[in-house]
Amino acid sequence: MKLRSYPYTLELRHAFTLAAGSRTTTAVMMVEVEQDGIVGYGEASMPPYLGESQASATAFLSKIDLTKYPDLFLTEGILGDIDSIAPGNNAVKAALDIALHDWQGKKMGYPWYRIWGLDPSKTPFTTYTIGIDTKEAVRRRVTEAGIYKVLKVKLGGENDREMIETIREVTDKPLRVDVNQGWKDRGFALRMIEWLASKGVEFVEQPMPKDQPDDIAWLRAKSPLPLIGDESVLRLADIRKAIGVFDGINIKLMKSTGMSEAYKMIAAARALGMKVMIGCMTETSCAISAAAQLSPLADYADLDGALLIRNDMFSGASIVDGRVTLPEGAGIGAIKL
Ligand code: MG
């Protein structure tokens, strides 16, 4: 049994601007688990605002001794032990979870969507993300997004109305809006959502800060559009905080600690009548392929993370005519290039 890891830096195709700031790279940590001649691949993507880094991931991984676990199928126990080492560290926990799932699937000879009994023809369309940018750049990005049926627009900057109006000059595709906690005033947020509803927007993700749940609940009661929680809901135990606050949740492996907990989150959200979105960070096709295995269970997908980088070192889940398309390979189906 071997556990290997190495840092990698994703180079973004376009500077990525959200309500919180702008960046051109994303730090990741790649993880490999090897036993019986089979290698399972995993990845931690660590955008700086989530607080993890290659240094914190290295420190966390140094505390793990997988040789204690001769049976790598006992993931409930293994992942529980890993989770109890320290709080947080969700992305590096996800990397280990993904690598273990990849190893297990390869050992069994099936991709995870088949192990879970999911129909690969039921994958959703994915959105393609348009970051906060100048009018010219927004027009260019929308034109580049030809094959995508739905666009995700980042708002919460200084020019929200201009962003939407510029996109509407170029396309009438359905839009989904992600504010990334950018609106601080609930009255302003409500006026914006009412306006967005008249512009062909389907829903609004994380309109206000996660520490203002009462304001978001007020907004939801009046909003003509559904609200989806992202920054407010990281893990399974956070879903109870979304009751009465959001109509659905955006589940990302890097927040949930991986595939195992993400699967449980989908079940919990369904039990509460919530919509489910599968999202991502900027990631290689390794972590994207892992998330894609769950996508037939989702109402919405935002799995464009590997398309936003220049130096993807894996192939795997792809986007065909705008739809998430699952790879046929066993495990997570990602192939190291
Ligand atoms: Mg979001």
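Everything below is about the structure shown above.
This report concerns the structure included in the present document.

What counts and how
Residues numbered from 1 in each chain as written. Predicted model: local features only at pLDDT ≥ 70, side-chain atom pairs only at ≥ 80, totals over all residues. Heavy atoms only, no water. Buried < 20%, exposed > 50% of the residue type's maximum accessible area, 1.4 Å probe, protein only. Helix = DSSP H or I, 4+ residues; strand = E, 2+ residues; numbered from the N terminus. Arc of directions from axis to C-beta. Pairing = 2+ DSSP bridges. Core = buried A, V, L, I, M, F, W, Y, C linked by side-chain atoms within 4.5 Å. Domains from an automatic or database assignment. Contact = heavy atoms within 4.5 Å. Donors = N, O, S within 2.8 Å, 3.2 Å for Na, K, Ca; no water. Disulfide = S-S within 2.5 Å. Axes fitted to C-alpha atoms, helices over the stretch in contact; angles between N-to-C directions.

The α-helix winds at 3.6 residues per turn, so residues separated by three or four positions along the chain end up facing the same way. Of all the positions in helix 6 (residues 160-170), only Asp160, Met163, Ile164, Thr166 and Ile167 are classed as buried. The buried residues of helix 6 occupy an angular sector of 160° when projected down its axis, which confines them to one face.

Next up on the list: the sheet that holds strand 8 (residues 227-229). Read from one edge to the other, the open sheet built from eight strands follows the order 4-5-6-7-8-9-10-11, with strand pairing classed as parallel. Only two strands of the sheet have a single neighbouring strand rather than two, namely strand 4 (127-130) and strand 11 (300-301). With three bridges joining them, strand 6 (residues 175-178) and strand 7 (residues 201-205) adopt parallel strand pairing. Counted as the bridge partner of Val177 is Val204 from strand 7.

Val177, Trp183, Leu196, Val204, Ile249 and Leu303 are the most contacted members of the largest nonpolar core, which has 107 residues in total. Ranked by residues supplied to this core, first place goes to helix 3 (residues 90-108) with nine residues. The residue makeup of this core includes at least three contributed by each of domain 1 (2-109) and domain 2 (114-336). Leaving out residues up to four positions away in the same chain, Leu196 has contacts with Leu155, Ile164, Val177, Trp183, Val201, Val204 and Leu225.

Moving on: the coordination of the magnesium ion. Ligation of the magnesium ion by protein atoms is provided by Asp178 (OD), Glu205 (OE) and Asp230 (OD), these donors lying 2.1 to 2.3 Å from the ion. Positions of the donor residues of the magnesium ion, expressed as sequence spacing, correspond to D-x26-E-x24-D. On the criterion of sequence distance, the pair formed by Asp178 in strand 6 and Asp230 in the loop between strand 8 and helix 9 (239-242) is long-range, its members being 52 residues apart. Its relative accessible area of 0% is what places Asp178 among the buried residues.

Summarising the element assignment, Tyr300 is placed in strand 11. The spatial distance from the C-alpha of Tyr300 to the C-alpha of Pro124 is 6.0 Å, given a sequence separation of 176 residues. Apart from residues no more than four positions distant in its own chain, Tyr300 is found in contact with Pro124, Arg176, Phe203, Ile228, Lys275, Val276, Met277 and Ile278.

Of note, the phi angle at Asp36 is positive, near 55°, even though the residue is not glycine. By the element assignment, Asp36 lies in the loop between strand 2 (21-35) and strand 3 (38-46). Given a relative accessible area of 53%, Asp36 falls into the exposed group. The phi torsion at Gln181 lies on the positive side, around 70°, for a residue other than glycine. Relative to the helices and strands, Gln181 resides in the loop between strand 6 and helix 7 (186-197).

On to the state of the cysteines. A covalent bond between the sulfur atoms of two cysteines is what we call a disulfide. Scanning the entire structure with this criterion turns up zero disulfides. No disulfide involves Cys280; its sulfur sits 13 Å from that of Cys286, the nearest cysteine. Assessed through its relative accessible area of 9%, Cys280 is described here as buried.

An order of 1-2-3 is seen for the three strands of this open sheet, with the pairing classed as antiparallel. Whereas interior strands pair on both sides, the edge strands pair on one side only; in this sheet they are strand 1 (2-18) and strand 3. Averaged over neighbouring strand pairs, the angle between their axes works out to 20° when direction is ignored. The pairing of strand 2 with strand 3 spans nine bridges and is antiparallel. Residue pairing across strands places Glu34 opposite Val39, the latter belonging to strand 3. Contacting strand 1, strand 2 and strand 3, helix 1 (residues 54-61) crosses the sheet at an angle of about 20° to strand 2. Across the sheet, helix 3 lies against strand 1, strand 2 and strand 3, angled at about 155° from strand 3, the strand it touches most.

Read these as geometric descriptors, not functional statements.
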